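Next come the chains, spelled out residue by residue.
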Amino acid sequence: MSATLTPDRTAEAPSIASNARDYLERVRGGDMGALPAVFGLLVLCVVFAILRPAFLTSINFANLFTQGAAVTVIAMGLVFVLLLGEIDLSAGFASGVCAAVLAVTLTNIGLPWYVGVLLAIATGVVIGIVLGTLVAKLGIPSFVVTLAAFLAFQGLVLVLVDEGTNISIRDPVIVAIANRNLPPALGWALFAVGVAGYGALQLMRARKRAARGLVADPISLIALRVGTLAVLAGFAVYFLNLERSRNAVVVSLKGVPIVVPIILVLLILWTFVLRRTAFGRHIYAVGGNAEAARRAGIGVDRIKISAFVICSSMAAVGGILAASRATSVDPNTGGANVLLFAVGAAVIGGTSLFGGKGRVLDAVLGGAVVAVIENGMGLMGYPASVKYMVTGCVLLLAAGVDALSRKRAAASGLR
Amino acid sequence: MTPVLELRGIDKSFGPVQVLHDVAFTAYAGEVTALVGDNGAGKSTLVKCVGGIYPIDSGDYLFEGKPVHVNSPRDAAELGIEIVYQDLALCDNLDIVQNMFLGRERRNGLVLDEDSMEELAQKTLASLSVKTVKSIRQLVSSLSGGQRQTVAIAKAVLWNSKVVILDEPTAALGVAQTAQVLELVRRLADNGLAVVLISHNMNDVFAVADRIAALYLGRMAAQVKAADVTHSQVVELITSGRSGELGLKNGSGVTQ
């Protein structure tokens, strides 16, 4: 129990140093957050860059985004379910089912792309309602419910694609999502809007808090954050705007892939929901202590069902991205390693399997790690077998870090 | 003075087992009323009846002199009755402000109004002279047992409550933290709340209570001013239901 707190506002004005100290203390206390993912990402990138110079080319960099997009988006949805301490093993095949719905609507029936997208997402919502209701109302463990759904959806995909045919997708809008790029100028415009918007939000918040006499982030810290974002994003946009085509005269290939702004919009949307709305607060509360949430008058069942709905609809979006990238849907869409990669992405990013801790950003960072491993090992010429084993080990490592940091947090809990 | 909370002739059975027999209980604003009794005497049942978790079978429930019907925890909360249970019901992964406003968040349209919540939480803690937490944006997982109890109590006080019922608030605490929490309990009463303190610990009871209500096998053995009884008299009331002139006459359930 240290010194005094209460309305003692004058005593310590927060600075970069004090914020850094607090952060270090949190990390030492077991709250590693995204640190392992960021560190892992740096190490992996350096190793692959040294071993395979092709890794650092602009074309490969752009590939990383389109390769990792589907898994990342599914992982974003999984974060909501993981926050409750539940799991959704069916998210991979749910994305497959939704992609198949999209393909059937577009190719077999011939409806416009927006109808297909809406139907695919609606399918995701229905799946989420069913799974969530079984878990919340009947009380069947989510592991069992979603394992059953995992098998059932595998069959459902087969039914939808007529026992194994490959439905190709030719709709230009859907195909563009994972295969086209923004014009370079638009990329820079998005960059400017994003960085300026982030900076303005941070400044406004700090000013509002300072006006009320609450502890606000110092200008120097805000400048550091905005500066870091500007440098990273600026570098990425510049790199992606380079000419990637081997034969630029025939076909020019440059600009930010369209999936990037899609991922960013989803990231901002869900971060807003989790951090700034009562609904998001209640998700954390149910994940942290469901009984406390119930006594506080929160509809725990409603929260659980909505988390599953969000997860399955994000799986639908992931399915659409996967269908776009492959320009086709077959029985394997969303199958094989997709689900494990997505769970791995969320956990590697720092979302706890025990519930109550995690962010949507974790899914993006973890998704990047998974994509870099797959991409880099592919460049190294390793067969799929090695890739699976390495990814499995990384997932185990991430879950180990999660469990250890929990132990550590428990040990240092009563400071 | 009208008591804030008054119960008369409360009966409560679970199936064939009658747990409360004709219990009378009062709590006054500005006073700490200790509710004592051995295990199984019916303390928890009585509190849950007050809190609307169990419906009462018969008897009168008066709030500020007026008869009321409390059928759910929500009814109790609307009257201004808050119960702090022994397990506190805090979310470890949320910070102090978030816990205090859990389920009753203030918002600006769609967005949470963090600043006004933080301000109000700070004000409430300051009014209780809580000085032991470093920052109210600290996660509850990093708090000590006494600090958690403090947060749970502050959460109950935040809603302009009139009656705060504390279930064994010091049971799991060390000496220094117990003293802090008892000080806080006293301060709640001094701020004009009616405080009901359930406790097994006679030292705690005599340290803060103005009145003592002793339950014995589901009957109210006696409700007396703390100044009028001695430590050993209270122990007798708890263990045998009577002490000299005080207490149950031949187990008849007639209270003093």
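About the thresholds
Residues numbered from 1 in each chain as written. Chains lettered and ligands numbered in written order. Predicted model: local features only at pLDDT ≥ 70, side-chain atom pairs only at ≥ 80, totals over all residues. Heavy atoms only, no water. Contact = heavy atoms within 4.5 Å. Buried area = accessible area lost by both parts, 1.4 Å probe. Salt bridge = Lys/Arg side-chain N within 4 Å of Asp/Glu carboxyl O. Helix = DSSP H or I, 4+ residues; strand = E, 2+ residues; numbered from the N terminus. Nonpolar A, V, L, I, M, F, W, Y, C, P; charged D, E, K, R; others polar. UniProt positions renumbered as here; feature names shortened; annotations may be inferred. Core = buried A, V, L, I, M, F, W, Y, C linked by side-chain atoms within 4.5 Å. Buried < 20%, exposed > 50% of the residue type's maximum accessible area, 1.4 Å probe, protein only. Axes fitted to C-alpha atoms, helices over the stretch in contact; angles between N-to-C directions. Parallel < 35°, antiparallel > 145°, perpendicular 65-115°, else oblique. Domains from an automatic or database assignment. Polar contact = N/O pair within 3.5 Å; in protein donor to acceptor, adjacent residues only side chain to side chain. Phe/Tyr/Trp six-rings, centres within 6.5 Å; stacked < 30°, edge-to-face > 60°. Pairing = 2+ DSSP bridges.

J.: Would you explain the interface of chain A and chain B in this entry?
T.: Size of an interface, as often reported, equals the accessible area lost when the parts are brought together. With 34 residues of chain A at the interface, the matching set in chain B holds 39 residues. Each partner contributes to the roughly 3100 Å² buried at the junction of chain A and chain B, and carbon and sulfur atoms together form 54% of this total. On inspection of chain A and its partner chain B, the count reaches five salt bridges. Across the salt bridge formed by Arg209 of chain A and Glu118 of chain B, the nearest N and O atoms sit 2.9 Å from each other. Those elements that provide at least two residues to the side of chain A that touches chain B are α8 (184–211), α10 (259–276), α11 (278–288) and α12 (290–295) of chain A. If you tally residues by element for the side of chain A that touches chain B, the top one is α11 of chain A, at six residues. Residue classes in the side of chain A that touches chain B are distributed as 14 nonpolar, 10 polar and 10 charged.

J.: Looking at this model, I keep getting lost on the UniProt feature "domain: ABC transporter" (unreviewed entry) in chain B. Mind explaining?
T.: Feature annotation in UniProt assigns "domain: ABC transporter" (unreviewed entry) to the following positions: residues 5–242 of chain B. Secondary structure within residues 5–242 of chain B divides into 34% helix and 28% strand; the distance between the first and last C-alpha atoms comes to 25 Å.

J.: Explain the nonpolar core here, please?
T.: Looking at soluble globular proteins, one finds that nonpolar side chains tend to be buried together. Residues and elements named next belong to chain A. In this structure, Met76, Leu78, Phe80, Leu102, Ile169, Trp270 and Val329 are the most contacted members of the largest nonpolar core, which totals 110 residues. For this core, the leading source of residues is helix α3 (residues 58–83), giving 15 residues. Excluding anything up to four places from it in sequence, Phe80 contacts Trp270, Leu274, Ile283, Ala307, Ile310 and Val360.

J.: Just to check I follow, could you spell out the packing of helix α7 (residues 172–179) of chain A against helix α13 (residues 300–326) of chain A for this structure?
T.: Residue and element names in this part refer to chain A. Put simply, α7 and α13 touch, their axes get as near as 7 Å, and they point 90 degrees apart. By the angle class used here, α7 and α13 are roughly perpendicular. Along the contact surface, α7 presents Ile174, Val175, Ile177, Ala178 and Asn179, while α13 presents Ile320, Leu321, Ser324 and Arg325. Of the residues assigned to the contact of α7 with α13, the class counts are six nonpolar, two polar and one charged.

J.: Quick question: what am I supposed to make of the domain arrangement of chain B here?
T.: All names here are of chain B. Each assigned domain of chain B is listed here: domain 1 (1–80 + 161–256) and domain 2 (92–160). On the domain 2 side, the residues contacting the 14 residues of domain 1 number 14 residues. Overall, the association of domain 1 and domain 2 removes approximately 1100 Å² of surface from exposure, summing both partners, and the carbon and sulfur fraction of that is 63%. Area buried by domain 1 at its contact with domain 2 is led by Ser161, Leu184 and Arg187, which between them contribute 39% of it. If you look at where domain 1 meets domain 2, you find zero salt bridges. On the surface where domain 1 and domain 2 come into contact, there are five residue pairs in polar contact (both at pLDDT 80 or more).

J.: Would you explain the packing of aromatic side chains in this entry?
T.: Residues and elements named next belong to chain A. Under the counting rule described, the total for this entry stands at 10 aromatic pairs over all chains. Each ring, one from Trp113 and one from Tyr114, has its centre 5.8 Å from the other, and the planes form 80 degrees; the classification is edge-to-face. Given the relative accessible area of 33%, Trp113 is considered partly exposed. Taken together, the ring pairs in this structure connect Phe61, Phe65, Phe235 and Phe239 into an aromatic cluster.

J.: Before we go on, may I ask you to explain the sheet that holds strand β10 (residues 194–198) of chain B in this structure?
T.: Hydrogen bonding along the main chain pairs the strands of a sheet, whether they run parallel or antiparallel. All names here are of chain B. In space, the six strands of this open sheet follow the order β6-β9-β10-β3-β11-β12, with mixed pairing throughout. What marks the edges here is a single partner per strand, and that holds for β6 (81–84) and β12 (219–225). Direction aside, neighbouring strands of the sheet carry axes that sit 15 degrees apart on average. Packed onto the sheet, helix α8 (residues 231–240) meets β3 (32–37), β11 (211–216) and β12 and runs at close to 25 degrees relative to β11.

J.: Quick question: what am I supposed to make of the sheet that holds strand β4 (residues 58–63) of chain B here?
T.: Residues and elements named next belong to chain B. Read across the sheet, four strands follow the order β2-β1-β4-β5 without closing on themselves; strand pairing throughout is antiparallel. For this open sheet the edge positions go to β2 (17–27) and β5 (66–67), each flanked by a neighbour on one side alone. Note: strand β1 (residues 5–14) against β2, seven bridges, orientation antiparallel. Bridged to Glu6 within β2 is Thr26.

J.: I keep staring at the domain arrangement of chain A and nothing clicks. Help me out?
T.: All names here are of chain A. For chain A, the assigned domains are domain 1 (54–180 + 284–399) and domain 2 (182–256). Using C-alpha coordinates to define each centre, domain 1 is positioned 27 Å away from domain 2. Facing seven residues of domain 1, the contacting portion of domain 2 comprises five residues. Contact between domain 1 and domain 2 buries roughly 630 Å² in total, counting both sides, with carbon and sulfur atoms accounting for 76%. The three residues of domain 1 that bury the most area against domain 2 are Ser58, Ile59 and Phe61, which together make up 65% of that side's buried surface. Counting across the domain 1 and domain 2 interface gives zero salt bridges. Counting across the domain 1 and domain 2 interface gives one residue pair in polar contact (both at pLDDT 80 or more). Taken together, the residues of the side of domain 1 that touches domain 2 break down into five nonpolar, two polar and no charged.

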